[in-house]
Each structure stands twice: as structure tokens, then as C-alpha cells.
Amino acid sequence: MMDVTLTSLQQLQNHATNHIMRKKVGTFAVLTVILAYFTYIFFAFDIIGLYQKSSSENAMTLIRDSYSYKVHVTRDNRSGEIDIKIEGENKGAYPSGTAPEWVNLAPKKTVVNLGSNHTITLGDKDVVYDVPGYGQIWAEPSNGGVNARFPDGELPDFISVSKNRLMILTDQGRLTVTRNRTEIFRYFLGWELFFFTLDSPYYGLSVGEIVSLAMNGEASEILSDFWNNRMWLHKDVAWAIFETILMAFIGTFGAALVALPLAFLAASNFAPSQSVRFAMRRIFDFIRGVDALIFTIMLSRAFGPGPMTGALAILITDTGSFGKMFSETLENIDQKQVEGIQSTGAKPIQRYRFGVLPQVTPVLMSLVLYFFESNTRSATIIGAITGGGIGLLLTQAMYTQKDWEEVSYYITLIILMVIAMDWFSGKLRSALVKGSGNDTV
Amino acid sequence: MTSNGVRYSTPFFYGYNMRNDRTPATVEKIQDSYVAMMLRKRSYGAILLLIFVSMMISGFKVAQDRNAGSFWDGIHRIFDFPAGVISEAFEKASELPAHTATYFPALLETINIAAASTLIGAISGMIMSMLATRGLAKWPALIPVFRRLLDLMRAVPEIVIALVLIFVMGGGPVPAMIAIAFHTTGALGKMFSEVNENASLKPVEGLASVGANWTQRMLLAVVPQVAPNYISYALMRFEINIRASAILGFVGAGGIGYELKNAMSWGQGRYDQAAAIFLMLFAAIVLFDQISSKYRSRLTHGRQSSEVIA
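Residues numbered from 1 in each chain as written. Chains lettered and ligands numbered in written order. Predicted model: local features only at pLDDT ≥ 70, side-chain atom pairs only at ≥ 80, totals over all residues.

**Comments concerning the overall build of chain A**
Assigned secondary structure in chain A consists of eleven helices and twelve strands. Radius of gyration (C-alpha) of chain A: 34 Å, far over the 22 Å computed for a compact globule of 441 residues. Overall size of chain A, expressed as C-alpha extent along the three principal axes, is 100 × 80 × 45 Å. When each of the 441 residues of chain A is scored for burial, the buried share is 32%. Taking all contacts inside chain A whose residues are at least 6 apart in sequence as the whole, residues at least 24 apart take part in 58%. (Helix = DSSP H or I, 4+ residues; strand = E, 2+ residues; numbered from the N terminus. Rg over C-alpha atoms; globule rule 2.2 N^0.38 Å. Buried ≥ 20, exposed ≤ 12 C-beta atoms within 10 Å, placed from the backbone. Contact = placed C-beta atoms within 7 Å.)

Following this line, the structure appears as C-alpha cells:
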């Protein structure tokens, strides 16, 4: 008796040790495989080359532009004309002869105050930048390029100079002098002209003044100036957001409407025959396999760019997913309710309407709502491909590579839109679960 | 057999009770109010349905108005493009194997983007989900912070990050990988934290009592419990990510999507290359869908062998 227990104990111990050993080895094997895979990816994706390729200057521009804006003060060195433009765009140009208060326009002696005692004086031909703690930098464009004089000593890092170009980059702003033009950038926090452009009478007024003007019957003018803002295009952006949500809405709910009857054909307990069921399943699999990308390309050839194309692409793709999921849901229903309805002599349609649909509606609706939320995200991407909605605006702003404040504005809007849809669909889904609890139980 | 008894006794009892406390008038009242309720419910349903249908129709009209081509103009052209591609593919069927070989590296890149981003997303999602689950979190006070962070990561569409990173890093697979991994972290983190909530805390407490630190407790007490569910969710995400990485390629992030865009831009006469890419993409998606759903059903419906748990 004693003997047996001892050996079996030993056996058990051995068994346990081996088991743990095997698991340990297994864990390490998995870790090794993951590590090996990442090493492979490291070389396959050429991470080292990427490090050299990536441009930190681009990253800096992007980050700086997202929270600040710059005003360009440009002098044409031939004519001596000075213009002042927000973000260098014609839409943001100050009318000639006017200037913000930090620029003192005077013939042949315009003084640009960059703040913190940095001043730039645009003389007849020359330009003088007074950098506190360093000294005066003098430059003059000439036929051969740019002549420049610096204070004694070694050139600091913030100055880069060549025969044709002088650039001074300080914390306060940037001065570039070339043969043709002298350009000064001054940076400010925020998004300028977000509410009103310079040509609007409401530009520069405080919130209180705007409100009191709105009270005095100018509300519609104020709104229209804001809505038609040429710099930020609020009207187009609002339409784009609406288009994106519309694509997701039509796509998701349209797909649900198409998929519901088809799902009955693909569910084992409703299919008229096994071959129909098999065929339906393969069709769903095929649609899911073809994928949104290919449908998007195919449909944009037929319908051209726009939100309807995107909506139809989502509709077709999701019909496959919904068909599969709906038929699985239908296969899992409780047959008793259907039999109960049948026992009263109901026809098939009535059986589906009163025996099946009440059971599956909450489940299907919550699936559909979940997809609706995730399709708002897909609609952004599909919009970028078909050319509709906020995705298009985002890619356009990206490709021009200058309006980064608009890019960050769109990104913020997209994230807010998705979060709002997430919240909305979550609310509806929890309401459905609660509602169905009262209904069926 | 008992149903017989019930059938006989029920009317008797009910009838007896009703006759005593409830007059036929009340029965009628109940019936009336029931019918009224049903009618109300039906009319609500009908109104909702009407609103929904009119929203669908007017929404579709708006979408059509803002579209370049209208629905009825385009519907008969819908198969022109696939037909053109297919006929060209048949004409030049002999060249398809060569195209497949040419574009295989691009397909591999797309799959690699999906796999690497799923792995990275699963690992970071695992860590974040543990930090966001009550009972497991290292810093319980920060649970809401990590939850919101996961929500935010989930909300950012991949294309946003991919486009920004393409600008900073230049084109190629890495921007897509980072973008998808970011979104995957949020999506998997949320699912993982739901799984974590069902994990038993006893092994965690046991390990804590012998002085294990947080990492050890998580790796040795929680992960073995939740690994099958984690892997199942991660596989599902992998399927989604293959599609996402193909689509991101189309906006410039490398892989088969990028090649597809190029092949398409050459236009008619060279659709055989596009056909090869379509076929490869379709095959890859179906293949990985099949593998993943096989493996997932094995993970969730028993046959949970020890070799699976990693």
C-alpha cells in the first residue's frame, strides 16, 4: 500500500515536472518565434533605411502648424511692394495699405516687430534683423544673389547662408532673403480666421460684440459669413461629415435590408433545400472575400466619384457579412415560439413575422448598429478612394502639404464623429437590450 | 402526461377565480386595453418604419445628387469593368502565373503588415487591457484613463495616422503597420478587457501571496486563463487587418494595394495585371479567413489542447 502510494506520488511528480517543462519550452518557443518574426520584419520593412528617409522637418511643420499659424510679410525686391498674408494665402491677405499692429508700414522703412525685441527693418533695398543678444544682421539682395553682413564671431546655428539665399530661423519667426523676395514669417498661437475672414466686417470682434450684433438682427449675416468662410470652408466640411455618415447609414441599413431575406435562405432551419443553403453561403463567402476595396474600385468605374458609390460599396460588402451573421442568428432561435404560432394555423409569412422576427430583431439590430459605428470609420477610408466625404477633404489637404492646420481640424472632426457615432450606437444598443428584456420575458 | 392534468385543471381554477373576483366587464376592459396597447405599439412601429424608410430614400437621393453619375446611369455599366478585366485575363491567361510571381512580394508585404500590426496591437492591447480592468490594474486610480485611451485609439481611423506618417516617413509599409497597430490596440484592448473581467482572481491572489510582482502575476496567473480568447480575438482582427492593409496600400502605404492602384492607372489593355492582383488578394483573404475560422472554432468549442495555450 505504502509502496504503491510512493511510486504513484513519484510518478505524479514526474508527470507534473514534465508537464511544466513542456509548457515552459512551449512558451519560450512562442516567444522565440515572435522575436524572430519581428527581426524579419525589421529587415523586410527596412526600418534602418526608413529612419534615414524620414524627415523630422516635416514632422516639425506638421506639429507647429497644428496649433499655430503664421503670417507672411513679403517684399518683392524688384518693385519694393509689401504684402501681408495670413498663411501666405490670397484668401487671407490684408488689403493693401493695411497691416496688423505689429507691422509699421512706412515708405522705405517698414518695421516688423516679431516680439521679444526682435525687429526687422525693411529699408529701401536692404533688410536689417536685430536679434537681441546677438546683434544686427544686414542683408541686401543684389544681382549676383544676396549680400549679408553679420556681427563678428562664428555664425550661430540659426543662420544659414549661401550665395543665393539667407535664412534666419529664430524662436520668434523666420526671415528669408533671396534675390527676388524678402520674406518674414511670424508665428501665432491658434487657428486664425477660423470664424471670419479678413473681408468680413465681423473679423476681430469679441464674442460679446458678435452676440450683441446678433441680437440686433444681424444673426443671419453673421452666420452666413461664418458658414461661407473661404479659408476654413465650414459649409463644405459640414457637408463632408454628413456625406460620410450618410454613406455609412445607407450602406449599413441597406445591407441589412438586403441580407435579411437572403439569410432565411441560408439558415439551415428555414432554407427550402440544402443546395439553396449551400449556394447562399458560398455567395456570402464570395462577397466577403472580394472585399470593400475591390467593390469600391469596381463601383467607382460605374458610378463615378461621390458618396453614392461609397454607400453602395459598403452595402455590397456588408451584405456578405450580414448574410453570414444573420443566418447564424436564425439558426440559433428558439423553435418553440414558431411552433406556437404554427399551432394557431399561421401561414409561413405570419410565422416569420410573429414567431421569428421578434426573437431576432434585438440581436440583429445590435449587430447592425455595431456595424454602423464601424462603417463610419470605413466610410472615411472609402471616401478617400471614391472621392466623397471627409476622407476626400483629408487626403486633399494632405496632398497639398501646406494646410496642416486644416488637416488637424479634419482629424479632430473625424475622431469626434466616430466617438459620437460610437456613443450613439452604444446608447441605442443598450436601449434595445433593455427594451427586448421587457418585451419577450 | 402532466400536461393533460394541467389542461383540465387550469380552466377550472381560472374560471373559478374569475367568476369570483372579476366581472366580465373587467375582462373586456383588459382585452380592450390590450388591443389598444397592441395598436399603439404597432402604430409606433409603423411610424418608426416610415421615418426610417423616408430617411433611407431621401438619404439615397442626396447621395445620388452629390455623386458624379446617377444610379440608373451607372447600374448597367456595373459589370463593364469586371467583364473587361475578366476577358483580358482570359486573353492573356498564359501571363497570369508570371504576374502572380511578380506581385507575390507585394502580397507578402500586405500580409506582413497585417501580421506585424496584429502582433504589436495584441501585445500592447493586452498590457493596456490589464491596466484597464478592475482587480488586475497596477494603478487602479488610472483605470478610467486607460479606458478612455483605448476608446480614443479605437476611434482613430487607420487612414488618418497612415497619411500623417506617410508625410513624415515617406511611403512604404511602416506607416501602414503603425496605423493599423494603433487602431488594433484600441479594438483588441477593449475586447481583451471584457475577457479579463471574467478571469478568476484566485490564481492572481495566490501568486500575490507568494510575493510575485505585477508582471509575474499577469503573465502566470491571468494569461493562461484568457489566452484562448485572446488568440481567438486576435485571429479575427488579423482577418480584418489584411483587408485594412490592402486598402491602405491604395492610398500610398505600400503592399498589394499600391500595386493595384498602379496597375489600374495603366488602364485598358493592361488589366491582366490588375486581374492577377484581384485574384491574389481574393485568394489570400479567403485562405486566411478559412484558417482563422477553423482555428477559432477549435479554440472556442473544446478540443482545447495544451499545445494551444502559449
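Now, onward.
**So, the interface of chain A and chain B**
How big an interface is tends to be stated in terms of accessible area lost as the parts join. Counting from both sides, the interface comprises 55 residues of chain A and, opposite them, 50 residues of chain B. Per-element accounting of the side of chain A that touches chain B gives the leading share, eleven residues, to helix 6 (residues 274–303) of chain A. Within the side of chain A that touches chain B, the residues separate by chemical class into 35 nonpolar, 14 polar and six charged. (Nonpolar A, V, L, I, M, F, W, Y, C, P; charged D, E, K, R; others polar.)

**Here we look at helix 9 (residues 348–386) of chain A**
Taking 1.5 Å as the rise per residue, helix 9 of chain A with 39 residues should run 57 Å; its terminal C-alpha atoms sit only 42 Å apart, a clear shortfall. Once helix 9 of chain A ends, the next one or two residues include Gly 387 of chain A, with phi positive near 90°. (Expected span 1.5 Å × (residues − 1).)

**Considerations on the pairing of strand 5 (residues 118–122) of chain A**
All names here are of chain A. Relative to strand 5, strand 4 (residues 110–115) runs antiparallel, the two sharing five bridges. Of the residues in strand 5, the one forming a bridge with Val 111 is Thr 121. Note: strand 5 against strand 6 (residues 127–131), four bridges, orientation antiparallel. When the sheet's bridge partners are listed, Thr 119 is paired in strand 6 with Asp 130. Connecting strand 5 to the next strand, strand 6, in antiparallel fashion are four residues. (Pairing = 2+ DSSP bridges.)

**Quick notes on the nonpolar core**
Within the largest apolar cluster, 139 residues are counted, with the highest numbers of intra-cluster contacts made by Leu 394 of chain A together with Ala 162, Leu 163, Leu 248 and Ile 277 of chain B. When residues in this core are grouped by element, the largest group, 16 residues, is from helix 10 (residues 214–253) of chain B. Once residues within four sequence positions are removed from consideration, Ile 277 of chain B is found in contact with Tyr 103, Ile 256, Glu 259, Leu 260 and Ala 263 of chain B. With 21 residues, the next largest nonpolar core counts Val 112, Val 131, Ala 139 and Leu 175 of chain A among its residues. (Core = buried A, V, L, I, M, F, W, Y, C linked by C-beta atoms within 7 Å.)

**Considerations on the packing of helix 4 (residues 80–91) of chain B against helix 12 (residues 271–300) of chain B**
All names here are of chain B. Where helix 4 meets helix 12, the axes come as close as 8 Å, and the angle between the chain directions of the two elements is 100°. One element, helix 4, and the other, helix 12, form an angle in the roughly perpendicular class. Note on element contacts: helix 12 touches helix 4 through Tyr 271, Asp 272, Ala 274, Ala 275 and Phe 278, opposite Gly 84, Val 85, Ile 86, Glu 88 and Ala 89. Taken together, the residues that form the contact of helix 4 with helix 12 break down as seven nonpolar, one polar and two charged. (Axes fitted to C-alpha atoms, helices over the stretch in contact; angles between N-to-C directions. Parallel < 35°, antiparallel > 145°, perpendicular 65-115°, else oblique.)

**Re the confidence of the model for chain B**
All names here are of chain B. Considering every residue of chain B, the mean pLDDT works out to 84; 89% of them sit at 70 or more. At the level of individual helices and strands, chain B shows its lowest average pLDDT in helix 1 (residues 2–21), which scores 46, and its highest in helix 8 (residues 173–197), which scores 93. Taken together, the stretch residues 1–16 has pLDDT below 50 and engages in zero contacts with residues farther than four places along the chain or on a different chain. Below pLDDT 50 for its whole length, residues 303–310 participates in 13 contacts with residues either more than four positions away or in separate chains. Scored by ipTM, the complex comes to 0.80, with pTM at 0.81. (pLDDT = per-residue confidence, 0-100.)

**A closer look at the domain arrangement of chain A**
Split by domain assignment, chain A resolves into domain 1 (69–189) and domain 2 (234–440). Averaged C-alpha coordinates put domain 1 of chain A and domain 2 of chain A at centres separated by 56 Å. (Domains from an automatic or database assignment.)

**With respect to the packing of helix 3 (residues 56–67) of chain A against helix 7 (residues 158–169) of chain B**
Packing of helix 3 of chain A against helix 7 of chain B leaves a shortest axis separation of 7 Å and a crossing angle of 135°. Judged by the angle between their axes, helix 3 of chain A and helix 7 of chain B are oblique. Contact with helix 3 of chain A, carried on its side by Asn 58, Ala 59 and Leu 62 of chain A, involves Val 164, Phe 167 and Val 168 of chain B of helix 7 of chain B and no other residues of that element. Residue composition of the contact of helix 3 of chain A with helix 7 of chain B, by class: five nonpolar, one polar and no charged.

**Some words on the pairing of strand 4 of chain A**
Residue and element names in this part refer to chain A. The sheet contact formed by strand 3 (residues 103–104) and strand 4 spans two bridges and is antiparallel. Looking at the pairing, Val 103 lines up with Val 112 of strand 4. The antiparallel pairing of strand 3 with strand 4 creates a hairpin that spans five residues between the two strands, and Lys 108 there sits at a positive phi of about 60°. Once strand 4 ends, the chain turns through two residues before running back antiparallel as strand 5, passing Ser 116 with a positive phi of about 50°.

**Re the sheet that holds strand 9 (residues 159–161) of chain A**
Residue and element names in this part refer to chain A. Strand order in the open sheet formed by six strands is 2-1-12-11-10-9, with antiparallel pairing between adjacent strands. The open sheet is flanked by strand 2 (82–86) and strand 9, the only strands paired with a single partner. Between one strand axis and the next, the sheet turns by 10° as a mean value, whatever way the strands run. Two strands pair when backbone bridges link them, and strand 1 (residues 68–76) and strand 2 are joined in this way by five bridges, in the antiparallel orientation. Bridging across to strand 2, Arg 75 finds its partner in Ile 82.

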